[in-house]
Amino acid sequence: MAEVTEEKVEVKAKEPKEPLFSKKNKKLLTDPLADNNPITIQVLGICSALAITAQLKPSIVMAISVVFVLGIGNVVISLMRNIIPSKIRIIVQLVVVATLVIVVDQVLKAFAYTLSKELSVFIGLIITNCIIMGRFEAFALGNGPWKSFLDGIGNAAGYGVLLIIVAFFRELLGSGTLFGAKVLGDPIEKTGVYAFGYENNGFMVLAPMALITVGIIIWIQRSRNKALIEDH
């Protein structure tokens, strides 16, 4: 019996550890960018897509902020998952995400004050972003720190990519600019494409156009992948 037990211990010791970037771990990063995107598939985080995507710069800053908050937050919740009482887990999650958002807000005020004024309340609203709370609850509480980190980065990146795509088209077609620089010409002096009669589409900078743009992206995504179409 002792020999059998020793053999089992040896077998367990020789079991290879899962690589840091195994196929399963890579899917945690790549799936949210396409077939499990938090905005187009899970339909989460729509509010910020509607609110801050009229310009490209604040959208990129918001995307980076969410990557930081969700990536670090997932790790913290994962490390604490075995000591958090289930009755107060939501409160603990809110404290963690609020602390990280305060760090982001203070960094922006210190190094990009004008941009922090533009984003103003929207940075604070990261605290209530359902993508972040959803990943804390659905993934970080049941998985280790490394997988939770990858899941956080993947979902935040999927969210950020959609924000940037929407902002790109809204700013370009609505204002004729990218990062505030005129790329289509001068609409007043009629240079560039404006010389041929082109006019900026003012509707693009209005909030409803964010939803329409997201809807077009969802339609394109589902037309390319029929498996994403829900049964009615």
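Procedures and definitions
Position numbers for residues start from 1 in each chain and track the written sequence from start to end. Given that this is a predicted model, residues contribute local features only at a pLDDT of at least 70 and side-chain atom pairs are listed and counted only at 80 or more, while totals for whole chains, interfaces and linings are drawn from all residues. Hydrogens and waters are ignored; side-chain quantities use all the structure's heavy atoms. Only DSSP runs of H or I covering at least 4 residues are called helices, and only runs of E covering at least 2 are called strands; the numbering of each starts at the N terminus. Buried means the residue's accessible area, taken with a 1.4 Å probe over protein chains only, is under 20% of the maximum for its type, while exposed means over 50%, and partly exposed covers the values in between. Residues form patches when they are more than 30% accessible in relative terms and have no salt bridge. Like charges link within 9 Å. Nonpolar side chains (Val, Leu, Ile, Met, Phe, Trp, Tyr) link within 5 Å. All accessible-area figures derive from a Shrake-Rupley calculation using a 1.4 Å probe, and residue coverage is judged against the displayed protein chains alone. Just to be clear on terms, a salt bridge is a Lys or Arg side-chain nitrogen sitting within 4 Å of an Asp or Glu carboxyl oxygen. Put simply, buried Ala, Val, Leu, Ile, Met, Phe, Trp, Tyr and Cys residues joined by side-chain atoms within 4.5 Å make one nonpolar core. Pairs of residues are marked as contacts when any of their non-hydrogen atoms sit within 4.5 Å. The axes are straight lines fitted to the C-alpha atoms, using for helices just the contacting stretch, and the angles between their N-to-C directions are given from 0 to 180°. An angle counts as roughly parallel when it lies under 35 degrees, as roughly antiparallel when it exceeds 145, as roughly perpendicular when it falls between 65 and 115, and as oblique in every other case. Note on convention: near helix rotated counterclockwise from far helix by under a right angle means a left-handed crossing. Clockwise means right-handed. In this count, Pro and Cys sit with the nonpolar residues alongside Ala, Val, Leu, Ile, Met, Phe, Trp and Tyr, while Asp, Glu, Lys and Arg are called charged and the others, Gly among them, polar. Method remark: on a 1 Å grid restricted to protein atoms, a set of points is classed as a cavity if a 1.4 Å probe fits but cannot get out and as a pocket if it is open with protein on both sides within 12 Å along at least five of seven lines; lining residues have an atom within 4 Å of a point. Grid points are joined across faces, edges and corners, and a volume is the space filled by probe spheres set on the points.

## So, unusual backbone geometry
Now for step 1: The backbone of F179 shows a phi angle near 55°, a positive value even though the residue is not glycine.
Now for step 2: Locating F179 in the fold gives a position in the loop between β1 (177-178) and β2 (181-182).
Now for step 3: You can call F179 partly exposed: its relative accessible area is 48%.
Now for step 4: In the Ramachandran plot, K190 falls in the positive-phi region, its phi being about 60° despite a non-glycine side chain.
Now for step 5: Along the chain, K190 falls in the loop between β2 and α10 (208-224).
Now for step 6: You can call K190 partly exposed: its relative accessible area is 39%.

## Some words on a nonpolar patch on the surface
Now for step 1: Together, F203, V205, L206, I212, I216, W219 and I220 make up an exposed nonpolar region whose accessible area comes to about 640 Å².
Now for step 2: Mapped onto the elements of the fold, F203 is located in the loop between β2 and α10.

## Here's the deal with the environment of N82
Now for step 1: Within the secondary structure, N82 is located in the loop between α4 (56-80) and α5 (89-111).
Now for step 2: Considered as a pair, N82 and D31 are 51 residues apart in the sequence and their alpha carbons are 27 Å apart.

## With respect to the pattern of salt bridges
Now for step 1: According to the stated counting rule, one finds 5 salt bridges in the structure shown.
Now for step 2: A salt bridge links D186 to K182; its shortest N-O distance comes to 3.4 Å.
Now for step 3: Relative accessible area serves as the criterion here: at 15%, D186 is assigned to the buried category.
Now for step 4: For E199, the salt bridge goes to K190, with nearest N and O atoms at 2.8 Å.
Now for step 5: Its relative accessible area of 47% is what places E199 among the partly exposed residues.

## Considerations on the nonpolar core
Now for step 1: The biggest cluster of nonpolar side chains holds 34 residues, and the ones touching the most others in it are M62, V69, I123 and I126.
Now for step 2: For this core, the elements supplying multiple residues, two or more each, are α4, α5, α6 (113-119), α8 (130-138), α9 (145-175) and α10.
Now for step 3: By residue number, the principal contributor to this core is α5, which donates 7 residues.
Now for step 4: When near neighbours in sequence (up to four residues on either side) are disregarded, I126 contacts M62, S65, V66, V69, V97, V101 and I132.
Now for step 5: Core analysis: the second largest hydrophobic core is formed by 6 residues, L56, L172, L184 and Y194 among them.

## Topic: the packing of α4 against α9
Now for step 1: Between α4 and α9, whose axes approach to 8 Å, the crossing angle comes to 165°. Taken together, α4 and α9 sit at an angle that is classed as roughly antiparallel. Note on packing geometry: the crossing formed by α4 with α9 is right-handed.
Now for step 2: Residue composition of the contact of α4 with α9, grouped by class: 19 nonpolar, 8 polar and 2 charged.

## Description of the layout of surface pockets
Now for step 1: Here the largest pocket is characterised by a volume of approximately 240 Å³.
Now for step 2: A34, I217, I220, Q221 and R224 are, among the 13 residues lining the largest pocket, the residues nearest its centre.
Now for step 3: Counting residues per element, the ones that place at least two in the lining of the largest pocket are α9 and α10.
Now for step 4: At 5 residues, α10 tops the list of elements feeding residues into the lining of the largest pocket.
Now for step 5: Considering only residue class, the lining of the largest pocket consists of 7 nonpolar, 4 polar and 2 charged.

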